[in-house]
Amino acid sequence: WDFQLSMYAQTYMKNYSPVANKFWTTNDPSKQPEYTEPNPAGASYPKEIPASDTIYDRSQWKAAAKTEINDGGGNGYITCAIDGKVDTYYHSNWANTEGTTYPHWVSFQFDEEEEFNYVYLVQRNHASNPGGKTFVIQVKPTPGEDDDWVEIEDGKEFYLTRDYAAGQDNYQYRFLSKAYKGYGIKLIFTESLPKTEGGTEGVGYLMIAEFGTGLLK
């Protein structure tokens, strides 16, 4: 990984067998590289990891979704997912079949080309809707309105979690195998988390409190 180990570290490592499974490319959620940062009360922006990374300004992004709905209080619209506030949220249209059936997709077109190697997401804090569980990522390689999204990471499914016991939602970071450049990003959610911890019953709709991209240097 482009850094040199000390002689002490090399000697210490000889006591252990080499890693057989490439955990950084697996679809097993328990082995995926990830980082979940607890959301402090009143926080409206993710903690940098580390301070030298780039978290992109989303104020000029164009947001779209498979469905959305006016859920009261200004909530429900896909723009709520990029407003910098964890107490507002996007909600797929719970009033029709399309909005209550997976897969769901959300997309964000950038105002200029961006380079990123991780995404972050905050689930809505809601007692009966746990949010999305799995998603794949597509990138838009060109500017404009052409529907030319390209799947990345060989179609790998990324997994999200939920802290059922604490009843709070965290900034969940999911890292990519390399940096990608593009004019937009689309997430296609394929499955819901279960309503209860350890359960099997999910929900048909999707909610997101916050989403964004960053470049970890």
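For every chain, the first residue of the written sequence is number 1, and numbering continues from 1 along that sequence. Selection of residues for local features in this predicted model requires a pLDDT of at least 70, selection of side-chain atom pairs for listing and counting requires 80 or more, and totals for whole chains, interfaces and linings are taken over all residues. Only heavy atoms go into the side-chain values, all of them from the structure, while hydrogens and water stay out.

Colleague: What is the right way to read the overall build of the protein from this model?
Modeller: Each helix corresponds to a stretch of at least 4 residues labelled H or I by DSSP, and each strand to a stretch of at least 2 residues labelled E; elements are numbered beginning at the N terminus. A tally of regular secondary structure across the protein gives one helix and 11 strands. Starting at the N terminus, the α and β elements of the protein follow one another as α-β-β-β-β-β-β-β-β-β-β-β. A 1.4 Å probe rolled over the protein chains alone gives each residue an accessible area, and that area as a share of the maximum for its type sets the label: buried under 20%, exposed over 50%, partly exposed in between. By the burial criterion, 43% of the 217 residues in the protein qualify as buried. Contacts are residue-level and defined by heavy atoms, with any inter-residue pair within 4.5 Å sufficient. For the protein, the share of sequence-separated contacts (at least 6 apart) that also reach a separation of at least 24 residues comes to 76%.

Colleague: Help me out: how do you make sense of unusual backbone geometry in this one?
Modeller: Only a minority of non-glycine residues have a phi that is not negative, and only a minority of peptide bonds are not trans. In the segment running from Tyr102 into Pro103, the intervening peptide bond is cis, with an omega of 5°. Phi is positive for Glu153, which is not a glycine, with a value near 55°. Here Glu153 shows up in the loop between strand 7 (150-151) and strand 8 (158-159). With a phi angle near 55°, Asp154 is a residue other than glycine that sits in the positive phi range.

Colleague: Help me out: how do you make sense of the confidence of the model for the protein in this one?
Modeller: A low pLDDT score tells you not to read the predicted coordinates there in detail. The predicted model of the protein averages 82 in pLDDT, with 74% of residues at 70 or higher. A low-confidence stretch, residues 39-51 (pLDDT under 50), is modelled with 29 contacts involving residues beyond four sequence positions or located in other chains. Every residue is assigned a pLDDT by the predictor, reflecting its confidence on a scale from 0 to 100.

Colleague: So what exactly am I meant to see when it comes to a negative patch on the surface here?
Modeller: A contiguous patch of negative charge on the surface is contributed by Asp57, Asp111, Glu112 and Glu113. By the secondary structure assignment, Asp111 is in strand 5 (residues 104-122). For patches, a residue must show more than 30% relative accessible area and have no salt bridge; joins then use 9 Å for like charges and 5 Å for nonpolar side chains, namely Val, Leu, Ile, Met, Phe, Trp and Tyr. All accessible-area figures derive from a Shrake-Rupley calculation using a 1.4 Å probe, and residue coverage is judged against the displayed protein chains alone. Salt bridges are defined by distance alone: a side-chain nitrogen of Lys or Arg within 4 Å of a carboxyl oxygen of Asp or Glu. We count Lys and Arg on the positive side and Asp and Glu on the negative side, and we leave His and both chain ends out. To locate a charge, take atom NZ for lysine, CZ for arginine, CG for aspartate or CD for glutamate.

Colleague: Explain the pattern of salt bridges to me, please; I cannot follow it from the model alone.
Modeller: Working definition: two side chains of opposite charge can pair if their charged atoms are close together. Within the structure shown, the criterion is met by four salt bridges. A salt bridge links Lys140 to Asp148; the nearest nitrogen and oxygen atoms lie 3.1 Å apart. You can call Lys140 buried: its relative accessible area is 1%. In this structure, the salt-bridge partner of Glu201 is Lys195, at a minimum N-O distance of 3.4 Å. Of the residues examined, Glu201 reaches a relative accessible area of 51% and is grouped as exposed.

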